[in-house]
Amino acid sequence: GEMRSTAILVALLVLATSTNAQQLKGTVDAVYSLLDRVLPGSKAHFNLSFTTACPDGSPCYKISDAANGQIAIEAAGAAELASGVGYYLREYCNMTIGWPRGGGSSIFLPTSWPKVDAAVSKKRVVPWSYMMNVCTHSYSLVWYSWNEWEPFIDWMALSGINLVLAMTGQEEVQYKVFEQMGLNDTTIRHWFNGPAFLTWSRGQNEYGNNIAGPLPRSWMKAQWALQKLILARYRELGIVGQLPGFQGNVPVALKEIHSDANITAAGGTGWMDSLDPLFGKIADIWMKTLIEDFGTDHWYQLDGYFNGGTAPWMDNARNADDADVRAPSERFVGDSLAFKRGTNAYMGLNRTDPEAIWSFQGWAFISWDTPEQAGFLEGFVEATPEGKFVVIDMSTNGEGEWHKWDNASFFGAKFIWTTLHDFGGTDGMKGNLAQINRIPFEAIGDGSVPRTNVWGTGFTPEGIDQNPVYYEFMLDANYRAAPVENITEYVIARGYRRYGLTAPNEDIANAWSLLVQSAYARDLSVQDSTGVPHLPGSNSQFAEDRRTPSVQLCQIFDAWGLMISAAKTLGNASHTEVFTYDLVNLGREVLAQLSTPMSMNFTDELGKNPLVAADVNSTGLLYTSLLDDIDTLVGTDSAFLLAPWLAMARALAVPGVEDCGGNDVGIEDCAGFLEWNARVQLTTWNPTLKNDTKIPAGPIDYASKHWAGLIKYYYSERATLAMELALKNAAEKVPLDNAALDQIKATHAYNWTTATDAQGPDTPTGDPVTVSEAMHAKYKDMFSSCA
């Protein structure tokens, strides 16, 4: 239509290059350096080079045996070169390349390097392999220093990832922008959340501002410096980092300073309409500052409706009520407000960076299904030049939001098909592999629907430290020519590689086969609903009798037994980082599911009138002793320890600088402030203050973890306090005093979140195999119906 041509004309005035996003080349040297870091002494065995000879222009790599005994890898760019190195190390050398809380790694110098014999060529089936959710930076990466970021980026590169969100350090940029707009230091720092909650003052401002704040300048400056290291490494490895664009949420004080009636006040935040001239003014300063500080690869993450309403995530109805009413199949016509707002939002990027690509997190329209909502989205697509509006399809569990409106696939916008299967970085074995096996093939013309504009694959979990098999399966999709034919065989082969096996092992094969049929054949919930962090738990995997486990839970229980049995035959392999994680994680899952009916039995007794002391006592002790047993089990593996997480938080305090005061709990020292932030995120989310009579409302226990220290000193202790109150009330012959229970929970939360002890072990404690055997023996009768 005519409007589209106008928008393109406007854009062309400032368009310097073609609309195709060029992938970053990176350097060969950067991949040699990666080898030096990951596998010191291995560099000489590889002959790495770039090639322009990829078939049909798709990014590719080729691995072959060089004449001098080296392994030759040639590739389109550094990202593909690193993908090829990763493929060789995994598939030929039996290595596992993981990350510390995600199942770990098994990396070693082989006694002799395997030949590949027939050369292997692989190409990306779609250009981009994407990872990240804005929340990942808060739930998984928040306490990473460069010591953690460096190996994590190496893992990304070796896994083929070439597109990520680069959200770190942006508060320093925002600080400069808001200062220029007339705000003072105190106002800006009290608008930002504390370090553990920055996602929600960045744009996903769902829960307001100054949560666990104010934000210290020392933190902003240190993170800004860290972002420069992160981006430099991304760029040399051919990974594109998407930078944050201006989304229109600002400290509410700007409304008064600029006498701007168009700004909608919502608590401490003002929401701007992109049609407001001030929006464009701020966007220009923002982009100039951002690019001066961080450079750019021309991708910008920018979410919202730009209509002066609150964040997409707040509006549960997710109305696009000012969109034109029309069927989605009709061509975009007329003067739509969405079109105008989309144009202004995009121009906020494009005026400063003519090559700007607008990346939109599709979660903003996850529950949309009406023609009006289709029109709103279509308005945004039409407002941007072709190829410059990219939707991150964040369907829960990878079903594909592009199917909506009769497979409208975002009305011609390019999109990256991802799976979002975890909220809050919570623990739980889950993820339907058959479901994500369709990504991206169903969208590139497997015959079931017309070919779409799918441009990438990936995953968008809020927290990544769980289910490595699921993420590895998803990562491989980008270089697959077709879906995996036999998922069970694929996963068993992965298990053999993980444990360094060169011959079949019946126990391992059967264990993983059972897991493919159970934990990895369904998605359960994006959240952890077990009785570990929740009193009571819900979504029980037991029948209504609370005694009979489901078929799937029996399969997971049986797999646990097989892994314990395998440990006896594996020798040294039974104590590697990767095997220990899989064994402990499996036992954790079984016992966590058992905690749900136990927590329900206990809370049922708490609700009885009259209270029966003996029953309160027996159900309470059964439940808390199970929690303590889970704590002991997970304490044997480094992936499930609280103390190192808190130590990482404290370590980010800048030496010699104490600027962390002014918070609601009176903590002055920066290490203590950071630890408080870490503890609050894991538990009450909104901080509980000294005189609170109950824990403040909000996503309580949303980002819970099954970690040693947290289970024992927070969850189990909380249940014990509830039991003690109920026994006291029973002796008084009165029902449970719920107001007193609220007070006890609030006091417990305040005490634990402001403490610096009660952390649990800081290194794995106890033998994982021995402890697993003991726990299996102790609880196997609870699963007697499985046989």
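Residues numbered from 1 in each chain as written. Predicted model: local features only at pLDDT ≥ 70, side-chain atom pairs only at ≥ 80, totals over all residues. Heavy atoms only, no water.

What about the nonpolar core?
So, point 1. Membership of the largest hydrophobic core comes to 255 residues, with the highest contact counts inside it found for Trp-143, Trp-149, Trp-155, Met-156 and Tyr-234.
So, point 2. If we skip the residues at most four places from it in the chain, Trp-143 touches Glu-148, Pro-195, Ala-196, Trp-219, Trp-645, Met-648, Ala-649, Leu-652, Leu-674, Asn-677 and Ala-678. (Core = buried A, V, L, I, M, F, W, Y, C linked by side-chain atoms within 4.5 Å. Buried < 20%, exposed > 50% of the residue type's maximum accessible area, 1.4 Å probe, protein only. Contact = heavy atoms within 4.5 Å.)

Some thoughts on the packing of aromatic side chains
So, point 1. If you walk through the whole model with that rule in mind, you get 60 aromatic pairs.
So, point 2. Measuring from centroid to centroid gives 6.3 Å for Phe-380 and Phe-389, while their planes differ by 80 degrees, and the two rings are edge-to-face.
So, point 3. Phe-389 gets classed as buried once you look at its relative accessible area, which sits at 2%.
So, point 4. The aromatic ring of Trp-707 is capped on one face by Arg-101, whose charged end is 4.3 Å from the ring centroid. (Phe/Tyr/Trp six-rings, centres within 6.5 Å; stacked < 30°, edge-to-face > 60°. Lys NZ or Arg CZ within 6 Å of the ring centre and 35° of its normal.)

Examining the confidence of the model for the protein chain
So, point 1. Averaged over all residues, the pLDDT of the protein chain equals 92, while 93% of them reach at least 70.
So, point 2. Every residue in residues 316-335 scores below 50 in pLDDT, and together they form 52 contacts with partners more than four places removed in sequence or on other chains. (pLDDT = per-residue confidence, 0-100.)

Here we look at the side chain of Asp-422
So, point 1. Of note, Asp-422 is situated in the loop between β14 (414-420) and α15 (433-436).
So, point 2. Judged by relative accessible area, which is 0%, Asp-422 ranks as buried.
So, point 3. From its side chain, Asp-422 meets the backbone nitrogen of Gly-425 in a polar contact 2.9 Å long.
So, point 4. Among the polar contacts listed, one links the side chain of Asp-422 to the backbone nitrogen of Thr-426, at a separation of 3.3 Å.
So, point 5. Setting aside chain neighbours within four positions, we find Asp-422 in contact with Lys-430, Pro-461, Glu-462, Gly-463, Gln-466, Tyr-471 and Val-526. (Helix = DSSP H or I, 4+ residues; strand = E, 2+ residues; numbered from the N terminus. Polar contact = N/O pair within 3.5 Å; in protein donor to acceptor, adjacent residues only side chain to side chain.)

Some details on unusual backbone geometry
So, point 1. Cis peptide bonds are those with omega within 30 degrees of zero, and the linkage from Gly-213 to Pro-214 qualifies with 0 degrees.
So, point 2. Relative to the helices and strands, Pro-214 is located in the loop between α8 (199-202) and α9 (217-236).
So, point 3. The peptide bond linking Leu-535 to Pro-536 adopts the cis configuration, its omega dihedral lying at 5 degrees.
So, point 4. Structurally, the position occupied by Pro-536 is in the loop between α18 (506-517) and α19 (551-569).
So, point 5. The backbone phi angle of Phe-306 is positive, close to 60 degrees, even though this residue is not glycine.
So, point 6. Along the chain, Phe-306 falls in the loop between β11 (299-301) and α12 (337-350).
So, point 7. On the accessibility criterion, Phe-306 (4% relative accessible area) is buried.
So, point 8. Positive phi, normally seen in glycine, also occurs at Phe-411, with a value near 55 degrees.
So, point 9. Along the chain, Phe-411 falls in the loop between α14 (404-407) and β14.
So, point 10. Classification of Phe-411 by relative accessible area gives buried; the value is 17%.

Overview of the pairing of β14
Within a regular strand, side chains alternate between the sheet's two faces.
So, point 1. Where burial is concerned, most of β14 is hidden: six out of the seven residues are buried.
So, point 2. Pairing geometry for strand β13 (residues 389-396) and β14, over seven bridges, is parallel. Within β14, the position partnered with Val-390 by the bridge is Lys-414.
So, point 3. The pairing of β14 with strand β15 (residues 454-459) spans five bridges and is classified as parallel. Paired with Trp-417 across the strands is Thr-457, a residue of β15. (Pairing = 2+ DSSP bridges.)

A few points about α19
So, point 1. Relative to the 27 Å expected for 19 residues at 1.5 Å per residue, α19 spans 28 Å between its end C-alpha atoms, a close match to the ideal helical length.
So, point 2. For α19, every residue scored as buried is listed here: Leu-553, Cys-554, Gln-555, Ile-556, Phe-557, Ala-559, Trp-560, Leu-562, Met-563, Ile-564, Ala-566 and Ala-567.
So, point 3. Where α19 is buried, its residues contact α18, α20 (577-606) and α26 (768-779).
So, point 4. Positive backbone phi, approximately 65 degrees, marks Gly-571, located one or two places after α19. (Expected span 1.5 Å × (residues − 1).)

Things to note about the sheet that holds strand β9 (residues 264-266)
So, point 1. Overall, antiparallel pairing links the three strands, which are arranged β8-β10-β9 in an open sheet. Of all the strands in the sheet, just β8 (249-251) and β9 have a single pairing partner and so form its edges. Pairs of neighbouring strands in the sheet enclose a mean axial angle of 35 degrees, with direction left out of account.
So, point 2. Judged from the three bridges that link them, β8 and strand β10 (residues 269-271) form a sheet pairing that is antiparallel. Within the sheet, the bridge partner assigned to Asn-249 lies in β10 and is Trp-271. (Axes fitted to C-alpha atoms, helices over the stretch in contact; angles between N-to-C directions.)

A word on the environment of Cys-660
So, point 1. Note that Cys-660 resides in the loop between α22 (642-651) and α23 (670-682).
So, point 2. Between the alpha carbons of Cys-660 and Gln-517 there is a distance of 50 Å; along the sequence they are 143 residues apart.
So, point 3. With sequence-adjacent residues up to four places away left out, Cys-660 is seen in contact with Pro-216, Ile-667, Glu-668, Asp-669, Cys-670 and Phe-673.

Concerning the state of the cysteines
So, point 1. For the structure shown, the criterion picks out three disulfides.
So, point 2. There is a disulfide in this structure between Cys-54 and Cys-60, and the S-S distance comes to 2.1 Å. Measuring handedness by torsion sign, the sulfur bridge of Cys-54 and Cys-60 sits at about -85 degrees and is left-handed. For the residue pair Cys-54 and Cys-60, the accessibility class agrees, reading buried in each case.
So, point 3. Two residues, Cys-554 and Cys-786, share a disulfide whose sulfurs are 2.0 Å apart. Where Cys-554 bonds to Cys-786 through sulfur, the torsion about that S-S bond is close to -80 degrees, and the disulfide is left-handed. Taken as a pair, Cys-554 in helix α19 and Cys-786 in the segment after α26 lie far apart in primary sequence, 232 residues in all.
So, point 4. For Cys-554, a relative accessible area of 9% gives the class buried.
So, point 5. The exposure class of Cys-786 is buried, given its relative accessible area of 17%. (Disulfide = S-S within 2.5 Å.)

Remarks on the pattern of salt bridges
So, point 1. With the rule as written, the count across this model stands at 30 salt bridges.
So, point 2. Put simply, Asp-582 and Arg-498 hold a salt bridge, and the shortest N to O gap is 2.8 Å. Highlighted residues: Asp-582 in helix α20 and Arg-498 in helix α17 (residues 487-498), separated in sequence by 84 residues.
So, point 3. Arg-498 sits in the buried class, given a relative accessible area of 2%.
So, point 4. With a shortest N-O distance of 2.7 Å, Glu-675 and Arg-650 are connected by a salt bridge. Residue Glu-675 is located in helix α23, and its partner Arg-650 is located in helix α22; the two are separated by 25 residues in the primary sequence.
So, point 5. The exposure class assigned to Glu-675 is buried, which follows from its relative accessible area of 1%.
So, point 6. Via salt bridges that share partners, Arg-37, Glu-150, Asp-154, Arg-233 and Glu-236 belong to a single interconnected network. (Salt bridge = Lys/Arg side-chain N within 4 Å of Asp/Glu carboxyl O.)

So, the packing of α23 against helix α25 (residues 738-754)
So, point 1. It is the contact of α23 with α25, at a shortest axis distance of 8 Å, that shows an interaxial angle of 140 degrees. On the basis of their axis angle, the class for α23 and α25 is oblique. Contacts from Trp-676, Arg-679 and Val-680 in α23 reach Trp-752, Thr-753 and Thr-754 in α25.
So, point 2. For the contact of α23 with α25, the residue count by class is three nonpolar, two polar and one charged. (Parallel < 35°, antiparallel > 145°, perpendicular 65-115°, else oblique. Nonpolar A, V, L, I, M, F, W, Y, C, P; charged D, E, K, R; others polar.)

Things to note about the sheet that holds strand β7 (residues 240-244)
So, point 1. Strand order in the closed barrel formed by eight strands is β5-β6-β7-β11-β12-β13-β14-β15, with parallel pairing between adjacent strands. Within the sheet, the average angular offset between the axes of one strand and its neighbour, ignoring direction, is 30 degrees.
So, point 2. Sheet topology places β11 next to strand β12 (residues 357-361); three bridges connect them, and they run parallel. Within β12, the residue paired with Tyr-300 across the bridge is Trp-358.

Regarding the packing of helix α5 (residues 146-158) against α9
So, point 1. Their axes nearest at 11 Å, the elements α5 and α9 cross at an angle of 20 degrees. If you check the angle between α5 and α9, you find them roughly parallel. The handedness of the crossing between α5 and α9 is right-handed. The residues of α9 that touch α5, namely those facing Trp-146, Trp-149, Glu-150, Ile-153 and Met-156, are Leu-226, Leu-229, Ile-230, Arg-233 and Tyr-234.
So, point 2. Looking at the contact of α5 with α9, its residues break down into eight nonpolar, no polar and two charged. (Left-handed = near helix turned anticlockwise from the far one by under 90°.)

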